[in-house]
Each structure stands twice: as structure tokens, then as C-alpha cells.
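So the chains spell out like this:
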Amino acid sequence: ASSAEYDEVEHLSLRLTPKAGPGVRILTSEKYKWNADVGVAYVYERFFGPSENKYVAVALGTDGSFALPWGSTLTIRGEYLPAVDDWTKDYLLNGTATLLFPMTEWLSFKSSVIEQYDNTPAEDTSNNSVTGTVGLALVF
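The sections below set out a description of the structure shown in this document.

1. A closer look at the overall build of the protein chain
And step 1. A tally of helices and strands in the protein chain yields 0 helices and 10 strands.
And step 2. Reading the protein chain from its N end, one meets helices and strands in the order β-β-β-β-β-β-β-β-β-β.
And step 3. Along the first, second and third principal axes, the C-alpha set of the protein chain runs to 50 × 30 × 20 Å.
And step 4. Going through the 140 residues of the protein chain one by one, you find that 29% of them count as buried.
And step 5. For the protein chain, long-range pairs separated by at least 24 residues make up 44% of all intrachain contacts whose partners lie at least 6 apart in sequence.
And step 6. Put simply, the protein chain shows about 8900 Å² of open surface, and 63% of that area lies on carbon and sulfur atoms.

Written as C-alpha cells, this is what we have:
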């Protein structure tokens, strides 16, 4: 899965991370699932001002979902994207936890926490970024 991001607080004008690679289902049941994936990614970061960062990375990820009471679901995703040429000094760590609570057959309450750690952030910003969101989700 690829992603695109803009974050004014972190002085990030654009972050593109196209990724490709195989995944495997590790555990599956009616109440939970756990998957892992590995592949290659390209990380492109353009910051406000003249600076940018770009590198080819290994994409390592895992995700799982758990059925909770009242039809709600907790989904967790984590990924590590280290640069191929300098994996100790240039990498991204991403983590997401999302709770979906059904309100109707096609509408759910959604709450997420997103954690991002950029080892090479924009100048004068923090390496770590935590975001919380609350909203509604349409279910198809």
C-alpha cells in the first residue's frame, strides 16, 4: 500500500511512499487475524524550504485485527522503512491503531491514533509525531 502525506506542523510539504511486495497471513479466525509483509519502498520527503530527503527502503510491516464486543473492531498496523544504503541513520517507523464501532449497518464511529517516527525530520522539528482522529466511517 502506498501513501501520501502533508503535515504543516512537522514542516512536511510532501511525503510519498510507494511500496510493493508480498504478504502472508499468519493467523486467521473469526475473532482475529494477523498478517506480515515485506517488500521494497521509495521514500520521498519534501520539506518547507529547500530541503528534501529521498531513498530506497526495505518495507517491513505487520497488521492485525481483533473482534471486540458489540461488533466493534480494533485494527493495528506497524511498519519499518529503513534506507537500503544507511538503515541505521535514515528510516521511518509508522504505527496505527484504529477502533471501529458500528452505529448502523453502513455507518461506524471511528477513532484512530497514528504514531510516526522520522529519523531524519525537517530542521527544527521533532522526530516523533502522534496524531489522534475521531470521525465517522462509511461501511461498504
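2. A closer look at the pairing of strand β5 (residues 32–47)
And step 1. Of the pairings in the sheet, the one linking strand β2 (residues 12–17) to β5 comprises 4 bridges and is antiparallel in character. If you follow Arg15 over to β5, its bridge partner there is Glu45.
And step 2. Relative to β5, strand β3 (residues 19–20) runs antiparallel, the two being bridged by 2 bridges. Along β5, the bridge assignment pairs Lys19 with Ala41.
And step 3. One ladder, built from 5 bridges, connects strand β4 (residues 23–28) with β5; its direction is antiparallel. The residue of β5 that forms the bridge with Thr28 is Lys33.

3. Quick word on the pattern of salt bridges
And step 1. For the coordinates displayed, the defined rule picks out 8 salt bridges.
And step 2. As a salt-bridge pair, Arg15 and Asp118 come within 3.1 Å of each other at their nearest N and O atoms. Of this pair, Arg15 sits in strand β2 while Asp118 is found in strand β9 (residues 107–118), placing the two residues 103 residues apart along the sequence.
And step 3. Taking the relative accessible area as the measure of exposure, Asp118 reaches 6% and is therefore buried.
And step 4. Here Lys19 makes a salt bridge to Glu79, at a shortest N to O gap of 2.9 Å. You can see Lys19 sitting in strand β3 and its partner Glu79 sitting in strand β7 (residues 73–82), a full 60 residues away along the chain.

4. With respect to a nonpolar patch on the surface
And step 1. Residues Val24, Ile26, Leu27, Tyr32, Trp34, Phe66, Leu68, Ile76 and Leu99 make up a contiguous nonpolar surface patch of about 750 Å² in total accessible area.
And step 2. When residues in the nonpolar patch are grouped by element, the largest group, 3 residues, is from β4.
And step 3. When you line up the elements, Tyr32 lands in strand β5.

5. Some words on the nonpolar core
And step 1. Among the nonpolar cores identified, the biggest contains 8 residues, and these are Ala41, Val43, Tyr55, Ala57, Ala59, Leu81, Ala83 and Leu92.
And step 2. It is strand β6 (residues 52–67) that contributes the most residues to this core, 3 residues altogether.
And step 3. Contacts of Ala59, omitting those with residues within four sequence positions, involve Lys19, Asp37, Val38, Gly39, Val40, Ala41, Tyr80 and Leu81.

6. With respect to unusual backbone geometry
Trans peptide bonds make up most of the peptide bonds, and negative phi angles are found at most residues other than glycine.
And step 1. Within the chain, Trp70 stands out as a residue other than glycine whose phi angle is a positive 65 degrees.
And step 2. The residue Trp70 is located in the loop between β6 and β7 in this model.
And step 3. In this model, Asp124 sits at a positive phi of 65 degrees, which is unusual for a non-glycine residue.
And step 4. With respect to the helices and strands, Asp124 occurs in the loop between β9 and β10 (128–138).

About the cut-offs
Residues numbered from 1 in each chain as written. Predicted model: local features only at pLDDT ≥ 70, side-chain atom pairs only at ≥ 80, totals over all residues. Heavy atoms only, no water. Helix = DSSP H or I, 4+ residues; strand = E, 2+ residues; numbered from the N terminus. Buried < 20%, exposed > 50% of the residue type's maximum accessible area, 1.4 Å probe, protein only. Contact = heavy atoms within 4.5 Å. Areas by Shrake-Rupley, 256 points an atom, 1.4 Å probe, with all protein chains shown as cover. Pairing = 2+ DSSP bridges. Salt bridge = Lys/Arg side-chain N within 4 Å of Asp/Glu carboxyl O. Patch = residues over 30% accessible without salt bridge, like charges linked within 9 Å, V, L, I, M, F, W, Y side chains within 5 Å. Core = buried A, V, L, I, M, F, W, Y, C linked by side-chain atoms within 4.5 Å.

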